[in-house]
Structures are given as structure tokens and as C-alpha cells.
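Residue-level structural notes
These are the residues of each chain, in order.
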Amino acid sequence: MRSEFKYWNNHLPYQIGHKADVTVHPVPEMLNFASVDALVRELKPRVPVHCIRPQVLQQVAQWFLDNFPGDVLYAVKCNPEPAVLHHLSQAGIRHFDVTSLSEIKLISKFAPGGTAYFMHPVKSRDAIRKAYFDYGVRDFALDSKDELQKIIEETGSATDLNLHIRLALPKGVAAHDLSGKFGAHPDLTVELLQAADKIARQVGICFHVGSQCLHPDAYRRAIKLAAQVIARSGIEIDIFNLGGGFPAVYPGMTPPPMSRFMDAIKAGLAEDIKLPAHTKVRCEPGRALVAEAGSVLVNVELRKGDNLYINDGVYGSLFDAGILNMRYPAKLIRGNGSEHKTPYKGFKLYGPTCDTVDVMRGPYLLPEDTTEGDWIELGQLGAYCTTMRSKFNGFDEHMTVEVWDQPQMQMKDWQPRTDRRTIDKDNVPALNLLALQREAYETEMS
Ligand SMILES: Cc1ncc(COP(=O)(O)O)c(C=O)c1O
């Protein structure tokens, strides 16, 4: 079982394509494989395998840190896997948006030195108290007077609080609307900003344009609304938080380049709002930071016509695939490594539980002769997927490993750039060169 360490012993640390001076080390206790194909050859796993690509986490985090005009908070809810927190932290992410006490504990353990920001607008009294007194959390979000009162009471009227008022946005154009559940109406936001200003060390405003937002202008519209609300409140804002919502690429859903989102935000901050010089600007990406870095390897247990019964489903890592009808890229891997030469066709996937909602309609494009015993790697599952796994019907068994090959899909923004130093003299993107080296190594080993 431990022989797979030969892979990383021979390859690591890897260099990132466009930052030749940055290295990525694996988490020592995790199983590491040069590729998902190598993992299948070696383990032939019969339980779903969550695959994490550390080099992709590093690459995307680096891009956000380089391009967002302020602090980047990772929204931990998206994927709280310790290895993900470790690699993001190693990549330079020092700020974490947390939803619960459990996530705060994870940060203190797996991203030591990082700061947790309790950005959930509704928290239990117990969580507020423990976050403040036991974990040193000073940043709390709220969207109601009652929550403000709870925070004051549970922190013993602390004078060192940073309070963030969550502004409700009108229903936007994001694939996953978040406008209904949280956020204060502009009138209430004005009142809450004024109330917070009387007691807090720092006062912030925050919002969320909706997850998988495909329109950069959504951020400009939100900035304009926030500007009006801040102006009405008459207070000097200390923290301006643009939230998450940054998209990832999925089959049939190609967002505009991420650089256009940054351009819109920079234009909005320059033209649509007048922030005092001391104001800190922040964002809280979840999906965009981690979606590409995660995939899930599943096994086909039965084929019935165009339906494949697999060992993972909506009660596992494929909740969004089933309930929200999200589609993910699929790659067939044969146990014997043989090539699949048949034409491709669309399949529906059924999960392992006895529940009829446990179906992922896709369609998932796979070779026509896909059959029982084959493995399928479903890509882009790093966000809001592996963290959803439940014990329903007893199918919670799974493994988590690190893999070092390329994901099936990537945003163009953070692919290796040729205007920076690469390690390849012929100007071939460095990551491709590494992939070639790994391929050569695998061939040699097999
Ligand atoms: C407060 C807050 N910030 C950030 C995020 C991350 O959003 P996304 O994954 O769309 O970037 C969420 C997601 O629900 C959230 O509730």
C-alpha cells in the first residue's frame, strides 16, 4: 500500500509553471500519485476517491493574490479538507471566511497563523462566545439587530470587534442565487452600520453576488448599491468586502476570463465608490479557488443500457450534479490501461443508494463501450462536492489522495504565461513539460 510513495519521491517538489521559484510539497501523510491513471493502476480502488491537485491550488491562489486589489479570504465551507487548507495556506492565503466553530478549529489546526473571519450572518450564542474567547476571532458578520445584540452580549460588550454588515443584493444573474436567505435591506443596513459604528473597532460592509456568477458587471452593480448605502449612513467604512461568487469552468458553462472580473472590480472601486484611504478591500472566493483542484474517481458497478450505476451519488460528492443538475467533465479509465477507441455517447449516472433522487442526469460523455468495472474521473469537483458526503445508506466510505496531473478543465487566466520566466527554454509551458516528464516516468515504471 505504501509503494506509491515512489511517485512523489521521484518527482517532488514540483515547480509551478509561471512561478519558477515556487515549489509545492505534498502533505507527507497523504497518498500521492503522479496521475489519476497511475492511481487506478496501483490501487484499483472500489470506493470513491477524492483527488486533490496541490499544484492547481497553488496556481489559482497565486493568481488571486496577484490580481485581486486587496485581501483574499478563502471561503472554507467550499472545501474544508485539511490538505486543501494546508496548500492554500502554503500558497499565501492567510485569511479564511468561516461558517462554524468547527471550521474555526480547522483553521487553527491546518492553517496555523491564519485569521478566521466569522462571516455567517446567523450564529449560535455558543459559537460566538467560543469564537471570541477561545479562538481569538474578532470579525463577525450580521444582518439584523438581534444578531448584533447577541454578539454584544456573548463577547461581554467587547471593544475590539470588527463588525461586518451584510447587505442584501437584488436577485442577480448567478447560477446559484443567494439573495433570499441573508442580507439586510439597504434601509436596515444603514441603521446597522450606524449602530455598529458606535461600538466596533472597525466597521465593514459585505455582500455576495451569488455563486457561479457569470457576469463581471454584477460586482459593479453591487459596488454602486453599497456606495449609496454607505453614503446614507454617513460613516467611514473600514472594510469593504466583495464576497465570493467568482466562477469556475464547467462543461457547457464557460465564464468570461477571471481577469474581466478583476477589471470590473477595479473599475468599480475607482469610479463608483469613494473609499477612505485606510479602507481594506477584501473578497471571499470559494468555488473559483478550489473547483479545478478537485476530482472524484468513481467505479462503475453496473450498466443498464445508457445508465451507469456508480459508487458515488447525490448523498456523496455529487449533490450538485443530482439536485442542481450541474455537469462535470468525465474521463474513462480502464483498469488494464487499455485505450478506448469507440465513439463517445451520453450516459446518465445513478448513485449507490436506494433513493430515486440519487441520479445525475448529465449527460456524461463517455466511450460507448463503458462497462462494469471501469473507472470514471469526474472533474471540477473541488467545490461544494466532496464536503457534502453523508452516511446515507452506509455509503460514506471513501479515500482522499493527492495527484499531480493536469485537471480536465482550467480557466485560461492561470495557465502558464510566457511573459514570465519558465523552466523550458523552447517556451513550452512549464506545466506541460512536467506532464511530459511524468508520462515518461510512468512509462518507464510500468
Ligand atoms: C459569506 C460567504 N462568502 C463566500 C462564499 C463563497 O462563495 P463562492 O463559492 O460562490 O465563491 C459563500 C458561499 O456561500 C458565502 O456564504
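Just above, that's the structure.
Residues numbered from 1 in each chain as written. Predicted model: local features only at pLDDT ≥ 70, side-chain atom pairs only at ≥ 80, totals over all residues.

1. So, the overall build of the chain
This is how it is decided: A run of DSSP states H or I qualifies as a helix once it reaches four residues; a run of E qualifies as a strand once it reaches two. Both are numbered from the N-terminal end. Here a residue counts as buried when 20 or more other C-beta atoms sit within 10 Å of its C-beta, as exposed when there are 12 or fewer, and as partly exposed otherwise, the C-beta atoms being derived from the backbone. What counts as a contact here is a pair of residues whose C-beta atoms, placed from the backbone, lie within 7 Å.
A tally of helices and strands in the chain yields 13 helices and 19 strands. Relative to its full complement of 446 residues, the chain shows a buried share of 49%. Expressed as a percentage of contacts within the chain between residues at least 6 apart in sequence, the contacts between residues at least 24 apart total 74%.

2. Here we look at the site of the ligand
Threshold: In this text, near has one meaning. A residue is near a molecule or strand if its C-beta atom, placed using the backbone, is within 6 Å of it. Residue polarity follows a fixed list, in which Ala, Val, Leu, Ile, Met, Phe, Trp, Tyr, Cys and Pro are nonpolar, Asp, Glu, Lys and Arg are charged, and the others, Gly among them, are polar.
In the vicinity of the ligand there are 15 residues, among which Ala75, Ser211, Gly244, Gly286 and Arg287 approach most closely. Residues of the shell around the ligand, tallied by class, amount to 6 nonpolar, 6 polar and 3 charged.

3. Side note on the pairing of strand S7 (residues 115-118)
How we decide: Two strands are counted as paired when DSSP detects at least two bridges linking them. A right-handed crossover is one whose linking path, passing over the helix from the first strand to the second, runs clockwise when the strands point away from the viewer.
One ladder, built from 4 bridges, connects strand S6 (residues 95-98) with S7; its direction is parallel. Each bridged residue has a counterpart across the sheet, and for Phe96 the counterpart in S7 is Ala116. This β-α-β element, S6 to helix H5 (residues 101-110) to S7, shows right-handed connectivity.

4. Side note on helix H2 (residues 36-43)
Because each turn of an α-helix spans 3.6 residues, side chains separated by three or four positions end up pointing in the same direction. When H2 is considered as a whole, its buried residues turn out to be Val36, Asp37, Ala38, Leu39 and Val40. Of the residues one or two after H2, Lys44 is the one with positive phi, at around 40°.

5. Details of the environment of Leu57
Note on placement: Leu57 falls in helix H3 (residues 54-67). As a C-alpha pair, Leu57 and Val24 span 33 residues in sequence and 9.7 Å in three-dimensional space. Dropping the residues within four chain positions of it, Leu57 is found in contact with Val84, His87, Leu88, Ala91, Val290 and Ala293.

6. What about the pairing of strand S12 (residues 280-283)?
Where strand S5 (residues 71-75) meets S12, 2 bridges bridge the pair, whose relative direction is parallel. Counted as the bridge partner of Asp71 is Arg282 from S12. Across 3 bridges, the pairing between strand S11 (residues 239-241) and S12 is parallel. Bridging across to S12, Asn241 finds its partner in Arg282. In this view, the connection linking S11 to its parallel neighbour S12 by way of helix H10 (residues 258-271) has right-handed handedness.

7. Some points on unusual backbone geometry
Along the chain, Gly362 connects to Pro363 via a cis peptide bond; the corresponding omega equals 5°. Inspection of the secondary structure assignment puts Pro363 in strand S17 (residues 359-367). Positive phi is not limited to glycine here, since Asn393 has a value of about 60°. Examined against the element boundaries, Asn393 turns out to sit in the loop between strand S18 (375-378) and strand S19 (399-403).

8. Examining the packing of helix H6 (residues 125-135) against helix H7 (residues 145-154)
Two numbers describe a pair of packed helices, the interaxial angle and the distance between the axes. This is how it is decided: To define axes, lines are fitted to C-alpha atoms, for helices over the stretch in contact only, and angles between the resulting N-to-C directions are given on a 0 to 180 degree scale. Here the word oblique covers every angle except those under 35 degrees (roughly parallel), over 145 (roughly antiparallel) and from 65 to 115 (roughly perpendicular). Handedness of each helix crossing follows the sense of rotation of the near helix against the far helix: counterclockwise by less than a right angle gives left-handed, clockwise gives right-handed.
Their axes nearest at 9 Å, the elements H6 and H7 cross at an angle of 45°. Accordingly, the angle class assigned to the pair H6 and H7 is oblique. For the element pair H6 and H7, the recorded crossing hand is right-handed. Listed contacts from H7 to Arg125, Ile128, Arg129 and Tyr132 of H6 are Lys150, Ile151 and Glu154. Residue composition of the contact of H6 with H7, grouped by class: 3 nonpolar, no polar and 4 charged.

9. Let's talk about the packing of H5 against H6
Between H5 and H6, the least distance of the axes is 10 Å, while the angle of their chain directions is 20°. It follows that H5 is roughly parallel to H6 by the angle criterion. Relative to H6, the crossing made by H5 is right-handed. Between H5 and H6, the contacting residues are Leu101, Ile104 and Ser108 on the first element and Ala127, Lys130, Ala131 and Tyr135 on the second. The residue inventory of the contact of H5 with H6, partitioned by class, reads 5 nonpolar, 1 polar and 1 charged.

10. Side note on H6
Definition in use: The arc in question is the one traced by the directions running from the helix axis out to the C-beta atoms.
All of the buried residues in H6 are Ile128, Ala131 and Tyr132. Down the axis of H6, the buried side of the element spans an arc of 85°, and every buried residue falls inside it. Exposed and oriented more than 90 degrees from the buried face of H6 are Asp126 and Asp134. The inward-facing, buried residues of H6 abut H5, S7, strand S8 (139-142) and H7. After H6 finishes, the residue Gly136 shows a positive phi value of roughly 70°.

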